[in-house]
Amino acid sequence: MNFDAKMREYIELVNSKLSVYVPQKENLQKSIYEAMRYSLMAGGKRIRPVLAMSVCEMLGGNVEKALPYACALECIHTYSLIHDDLPCMDNDDMRRGKPTCHKAFDEATALLAGDALLNRAFEIMSTYGTDNDCTVEVIKYVSNNSGTEGMIGGQVVDLMCEGDGNVSEETLRYIHRNKTGALISAAAMIGAICGNATDEEKVKILEFSDNLGLAFQIKDDILDFVGDDELLGKPTGSDEENDKTTFVTLMGIEKAEEELQRTTKAAKAALEVFGAENEFLCSLADFLLKRNF
């Protein structure tokens, strides 16, 4: 398997469908479509939709079945980034090497663009899902993991802990597993559901995605400390500027690297039951471990 070629194949498939699912319209409210597409089509690693499709394919499922849900999840992820960048949250000016949505447009438009992408995600799943039972199960899982017991809950706790120098490792793990990890687990479960995974297989896929999500955020913590602004497409040091506790501030760069290695290894170990079919996902875990952006 050529990992890079397979990754490009998945990304191209997602980008082509996103352009269809979220088109530019020439109506009175055309500016909102422009803002939605500005952030949605700005690049990005597309890790979540790639994860959904590759889990489905590992299980012998049809990637096309998972594709609408995978694209919908990317809309939810993008909405969360737009809102996360707002002055009332992290107040970031750059994202993926471009001005953030509220800088390119204005705060009100950015807020509405995020809202619109969230709504569009559920329109996509309910309109383009090809299996009603699958659609209901996916929507239930995605809505839970993106809500107050998932991504939003993690963001709330993260904001509560800003400036608190006594954040425990347990609380930090809770933040990471929800704010970042919940959507990664949702992506893996989209693939599991569309690939008709057994209950036992779902347990292993969740174990994989839980560790992968934690590793992903630990790597982000490390990159904010030692990364290159140009490669990241945004300024480093924002965690320190916002007085946030991260794995680096909590345990130091060396131990954070060790924890990154450990969680990546645990993610890959959970996939051993799938045999050789796990090759792409294990390579994806290694790719995320070594990334510099």
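Look above for the structure.
Residues numbered from 1 in each chain as written. Predicted model: local features only at pLDDT ≥ 70, side-chain atom pairs only at ≥ 80, totals over all residues. Heavy atoms only, no water.

Colleague: Help me out: how do you make sense of the overall build of the protein chain in this one?
Modeller: Each helix and strand in the protein chain was counted, giving 16 helices and two strands. Against the compact-globule benchmark of 19 Å for 293 residues, the protein chain has a radius of gyration of 18 Å, which places it among compact chains. Taking the principal axes of its C-alpha atoms as reference, the protein chain extends roughly 50 × 45 × 35 Å. Within the span of the protein chain, comprising 293 residues, buried residues form 51% of the whole. Looking at the protein chain alone, contacts between residues at least 24 apart form 74% of all its contacts between residues at least 6 apart. Per element, the accessible surface of the protein chain, about 13300 Å² overall, is 49% carbon and sulfur. Of the side chains in the protein chain, 30 bear a positive and 49 a negative charge, and the two mean positions are spaced by 4 Å. (Helix = DSSP H or I, 4+ residues; strand = E, 2+ residues; numbered from the N terminus. Rg over C-alpha atoms; globule rule 2.2 N^0.38 Å. Buried < 20%, exposed > 50% of the residue type's maximum accessible area, 1.4 Å probe, protein only. Contact = heavy atoms within 4.5 Å. Areas by Shrake-Rupley, 256 points an atom, 1.4 Å probe, with all protein chains shown as cover. Lys, Arg positive; Asp, Glu negative; His and termini not counted. Charge placed at Lys NZ, Arg CZ, Asp CG, Glu CD.)

Colleague: What is the right way to look at helix α10 (residues 181-194) in this model?
Modeller: Quick reminder: α-helices carry 3.6 residues per turn. Residues three or four places apart thus point the same way. The end-to-end C-alpha distance of α10 is 20 Å, a good match for the 20 Å that 14 residues give at a rise of 1.5 Å each. For α10, a buried count of 14 out of 14 residues is recorded, marking the element as mostly surrounded by other parts of the structure. Asn196 sits one or two positions beyond α10 and adopts a positive phi of about 55°. (Expected span 1.5 Å × (residues − 1).)

Colleague: Help me out: how do you make sense of the pattern of salt bridges in this one?
Modeller: Two side chains carrying opposite charge are able to pair once their charged atoms lie near each other. Using the criterion set out here, one finds 19 salt bridges in the structure. One salt bridge in this structure joins Lys30 and Glu26, with 3.7 Å as the shortest N-O distance. Judged by relative accessible area, Lys30 falls into the partly exposed class, the value being 41%. (Salt bridge = Lys/Arg side-chain N within 4 Å of Asp/Glu carboxyl O.)

Colleague: I keep staring at unusual backbone geometry and nothing clicks. Help me out?
Modeller: Trans peptide bonds make up the majority, and among non-glycine residues the majority have a negative phi. One non-glycine residue with positive phi stands out, namely Arg96, at about 55°. Within the secondary structure, Arg96 sits in the loop between β1 (94-95) and β2 (98-99).

Colleague: Could you clarify how one ought to interpret the state of the cysteines in this entry?
Modeller: Summed over all chains, the structure comprises zero disulfides. Of the cysteine sulfurs around Cys161, a residue in no disulfide, the closest is that of Cys88, at 18 Å. For the unlinked cysteine Cys282, the closest cysteine sulfur is that of Cys56, found at 17 Å. (Disulfide = S-S within 2.5 Å.)

Colleague: Looking at this structure, I do not really get the layout of surface pockets. What am I missing?
Modeller: A water-sized probe rolled over the atoms picks out the places where empty space is left. Put simply, the largest pocket is a space of about 1100 Å³. Mapped onto the lining of the largest pocket, the elements with two or more residues apiece are α3 (47-58), α4 (63-85), β1, α8 (151-161), α9 (169-179), α11 (199-226), α12 (229-232) and α13 (238-241). Counted by class, the lining of the largest pocket contains 18 nonpolar, twelve polar and 19 charged residues. Roughly 170 Å³ of internal volume is contained in the second largest pocket. (1 Å grid on protein atoms, 1.4 Å probe; cavity = no way out; pocket = protein on both sides within 12 Å on 5 of 7 lines; lining within 4 Å. Points joined across faces, edges and corners; volume = space filled by probe spheres on them. Nonpolar A, V, L, I, M, F, W, Y, C, P; charged D, E, K, R; others polar.)

Colleague: Where do I start with the environment of Asp131 in this structure?
Modeller: As for its placement among the helices and strands, Asp131 is situated in the loop between α6 (107-128) and α7 (132-145). Along the sequence, Asp131 and Cys194 sit 63 residues apart, while their C-alpha atoms lie 9.0 Å from each other. Each residue touching Asp131, except ones within four places of it in the same chain, is listed here: Lys65 and Tyr69.

This is a description of form; function is not addressed.
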